[in-house]
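Coordinates in review
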Amino acid sequence: MHWLDIDKTHVWHPYNSLPSKTKLLPVKRTDKTSIFLEDNTELIDGMSSWWSAIHGYNNPRLTKAIKTQLDIMPHIMFGGIAHENAATLCKLLVDLTGLNSVFLCDSGSVCVEVALKTAIQYQEAKGLKKYKFIACEHSYHGDTLAAMSVCDPNNSMHNIYGTYLPKHIFTKAPELGFNNDCTKAIEELEKTFEIHHKEVAGFIIEPIVQGAGGMRIYNPKFLVKAKELCIKYDILFIADEIATGFGHTGKMFAMEHANIKPDIMTVGKGLTGGYMTMAAMITSKEVSDTISNSQLGILMHGPTFMGNPLACSVAIESIKLLLETPWQKRVLTIEAIFKEELEAAKNLELVENIRNIGAIGVIELKDNIYAQEIQDYCVKNGVWIRPFGKLIYSIVAYTIKEEDLRKIVKVMIEAIKSVKS
Ligand SMILES: *Cc1c(COP(=O)(O)O)cnc(C)c1O
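Please read all numbers here as calculations on a predicted model, not as lab measurements. (Residues numbered from 1 in each chain as written. Predicted model: local features only at pLDDT ≥ 70, side-chain atom pairs only at ≥ 80, totals over all residues. Heavy atoms only, no water.)

**Observations regarding the overall build of the chain**
Of the regular secondary structure elements, the chain holds 14 helices and 16 strands. Its C-alpha atoms give the chain a radius of gyration of 21 Å, within 12% of the compact-globule value 22 Å for 421 residues. If you line up the chain on its principal axes, its C-alpha atoms span 65 × 55 × 45 Å. For the chain, restricting intrachain contacts to residue pairs at least 6 apart in sequence, the fraction spanning at least 24 positions comes to 70%. Element-wise, carbon and sulfur atoms account for 54% of the exposed surface of the chain, whose accessible area totals about 19,100 Å². (Helix = DSSP H or I, 4+ residues; strand = E, 2+ residues; numbered from the N terminus. Rg over C-alpha atoms; globule rule 2.2 N^0.38 Å. Contact = heavy atoms within 4.5 Å. Areas by Shrake-Rupley, 256 points an atom, 1.4 Å probe, with all protein chains shown as cover.)

**So, the packing of aromatic side chains**
Scanning the entire structure with this criterion turns up 6 aromatic pairs. When the ring of F388 is compared with that of Y393, the centres are 5.5 Å apart and the planes differ by 75°; the resulting orientation is edge-to-face. Through pairs of rings, three or more aromatic residues link up here, namely F193, F203, Y233 and F237. Directly above the aromatic system of F36 lies the positively charged group of R29, at a separation of 4.0 Å from the ring centroid. (Phe/Tyr/Trp six-rings, centres within 6.5 Å; stacked < 30°, edge-to-face > 60°. Lys NZ or Arg CZ within 6 Å of the ring centre and 35° of its normal.)

**A few points about the packing of helix 3 (residues 60–72) against helix 11 (residues 309–324)**
Between helix 3 and helix 11, whose axes approach to 8 Å, the crossing angle comes to 150°. Put simply, helix 3 runs roughly antiparallel to helix 11. The two elements helix 3 and helix 11 cross, and the hand of that crossing is right-handed. Counting all contacts with helix 3, which are made through R61, L62, A65, I66, Q69 and L70, the residues of helix 11 involved are P309, L310, S313, V314, E317, S318, K320, L321 and E324. (Axes fitted to C-alpha atoms, helices over the stretch in contact; angles between N-to-C directions. Parallel < 35°, antiparallel > 145°, perpendicular 65-115°, else oblique. Left-handed = near helix turned anticlockwise from the far one by under 90°.)

**Re the site of the ligand**
In the vicinity of the ligand, the contacting residues are S107, G108, S109, Y140, H141, G142, E206, D240, I242, A243 and K269. Here an oxygen atom of the ligand and a backbone polar atom of G108 are 2.9 Å apart. Within the side chain of K269, one N or O atom sits 2.5 Å away from an oxygen atom of the ligand. Tallied by class, the residues present in the shell around the ligand amount to 3 nonpolar, 5 polar and 3 charged. (Near = heavy atom within 4 Å. Polar contact = N/O pair within 3.5 Å; in protein donor to acceptor, adjacent residues only side chain to side chain. Nonpolar A, V, L, I, M, F, W, Y, C, P; charged D, E, K, R; others polar.)

**So, the sheet that holds strand 12 (residues 279–283)**
In spatial order, the strands read 4-12-11-10-7-5-6; together these 7 strands make up an open sheet with mixed pairing. Every other strand in the sheet has two partners, leaving strand 4 (101–105) and strand 6 (169–171) as the edge strands with one partner each. Averaged over all neighbouring strand pairs, the angle between strand axes comes to 20°, with direction disregarded. Direction of pairing for strand 11 (residues 264–267) relative to strand 12: antiparallel, over a ladder of 4 bridges. Its bridge partner being in strand 12, T266 is matched across the sheet by M281. Running over the sheet, helix 4 (residues 84–97) touches strand 4, strand 11 and strand 12 and is turned about 125° from strand 4. This element, helix 8 (residues 183–196), spans strand 5 (132–136), strand 6 and strand 7 (200–205) of the sheet and lies at about 160° to strand 6. (Pairing = 2+ DSSP bridges.)

**Description of the layout of surface pockets**
The computed volume of the second largest pocket comes to approximately 770 Å³. L24, L25, V27, W384 and R386 are, among the 28 residues lining the second largest pocket, the residues nearest its centre. Breaking the lining of the second largest pocket down by element, the ones donating at least two residues are helix 1 (3–10), strand 1 (27–31), strand 2 (34–37), strand 3 (42–45), helix 2 (48–51) and helix 13 (371–380). In terms of residue count, the dominant contributor to the lining of the second largest pocket is helix 13 (5 residues). Split by residue class, the lining of the second largest pocket holds 15 nonpolar, 7 polar and 6 charged. (1 Å grid on protein atoms, 1.4 Å probe; cavity = no way out; pocket = protein on both sides within 12 Å on 5 of 7 lines; lining within 4 Å. Points joined across faces, edges and corners; volume = space filled by probe spheres on them.)

**Description of the environment of V314**
Within the element layout of this structure, V314 appears in helix 11. Counting along the chain gives 42 residues from V314 to T272, while the straight-line C-alpha distance between them is 5.6 Å. For V314, the residues in contact, after removing those within four places along its chain, are L62, I66, T272, Y275 and M276.

**Structural notes on the UniProt feature "binding site: substrate" (unreviewed entry) in the chain**
Using the residue numbers shown here, the UniProt feature "binding site: substrate" (unreviewed entry) corresponds to W50, Y140, K269, G302 and R386. The greatest C-alpha distance among the annotated residues, which extend across 337 residues, is 33.8 Å, indicating that they are dispersed rather than converging on a single site. The subset of these annotated residues that lines the second largest pocket comprises W50 and R386. Its location among the elements puts G302 in the loop between helix 10 (285–292) and helix 11. Looking at G302, the relative accessible area reads 57%, which means it is exposed. One can find R386 in the loop between strand 15 (383–384) and strand 16 (391–395). With residues up to four places along the chain from it excluded, the contact list for R386 reads M47, Q375 and Y393. (UniProt positions renumbered as here; feature names shortened; annotations may be inferred. Buried < 20%, exposed > 50% of the residue type's maximum accessible area, 1.4 Å probe, protein only.)

**Considerations on the confidence of the model for the chain**
Averaged over the chain, the pLDDT score is 97; the fraction of residues at 70 or greater is 100%. Mean pLDDT in the chain bottoms out at helix 7 (residues 158–161), which sits at 82, and peaks at strand 10 (residues 236–240), which reaches 99. (pLDDT = per-residue confidence, 0-100.)

**As for the UniProt feature "modified residue: N6-(pyridoxal phosphate)lysine" (unreviewed entry) in the chain**
The positions that UniProt labels "modified residue: N6-(pyridoxal phosphate)lysine" (unreviewed entry) are, in the present scheme, K269. When neighbours within four sequence positions are excluded, K269 is seen to be in contact with W50, W51, S52, I242, A243, G274 and M278.

**A closer look at the side chain of Q121**
In this fold, Q121 is placed in helix 5 (residues 108–125). The class for Q121 is buried, based on a relative accessible area of 14%. Setting aside residues no more than four positions away along its own chain, Q121 makes contact with I291, L296, I298, L299 and M300.

What follows is the structure, encoded as structure tokens:
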């Protein structure tokens, strides 16, 4: 049986049926910002594997770090045991975020679960029974059940699971545009906090860019206001930086655009440079002290692969590499090129809106019926992107060559033109 036939018969793919209703690309290998198919066709990577491969693929330094660790200790349980890799990684995260306490998790969704549990335990430790969260419309925080319950209720999978999901409180998403007015959303946010604060443990948001729920870029003022409200009502501010973290918006963390610190931050995706699955929840000392000094006194979570040394080793190297390279200059150059190239899509009949920030470029269409056709066109023309719904977008590695980035956007636009003819 050819492996593709095995795949067809036995293997689930993300958000798909079995067998897959859509064609899957047989990929053989990767190199830098290229993906090579079975037949050696080369595609320029316009997705950086869902925000994760920030340095491109097969980076020699990252590969060496993980290979070295492989011979020393691939894994060890973290219960009752400490190892230098975890400590080194956590110190890097603490220094980068200005927060204090790190909990290592195996994936972004799990990390969001832990953040929600932490917020509830924090309030509980203060003698408060607060079990609700405020989240924004268009938000995306992951696919596990609790994470799903703080995702946009209309735009996501809430209805499939019916009453199984806890009901949280949703407020209007900030208006589109980094420099645009967001007073309407702020007004609603104030009302939402005022009405519900007594039952709310935390406010969770993706800073600056709402990712999978709509690729929406918004004004940092919204975050500043939310922080004020969180302080006023003693609600924890949870910044979900799993997508935006490690430079994607032109700042190391998107919260820096608003110049404020969250109480809890979640990071993932780019954390290991796209090599291993790993995420981290980072909190203020106040949060960890409050839980640790409570009657229960412990944070109730502990994944089997917590602090996996291989993942730690490559995360450490990825962060060091990022800090040693002119990543910010590169991301801002990418931002300028996206802006320039996306202009050509502005007045197309099918296009609703174009937007970009940092290493992210987005074309929103008026209709959601073209995604597959546009993806097929791009692949045929040497570019890998994976649009969803109305959103044709690209997130690139910071090491992408200028000509490759220009090609990605040009082919995206050609593809949009092609579906109408
Ligand atoms: C991808 C993502 C998650 C979930 O991470 P997984 O590693 O896919 O579980 C959570 N929050 C945000 C903002 C994300 O973009």
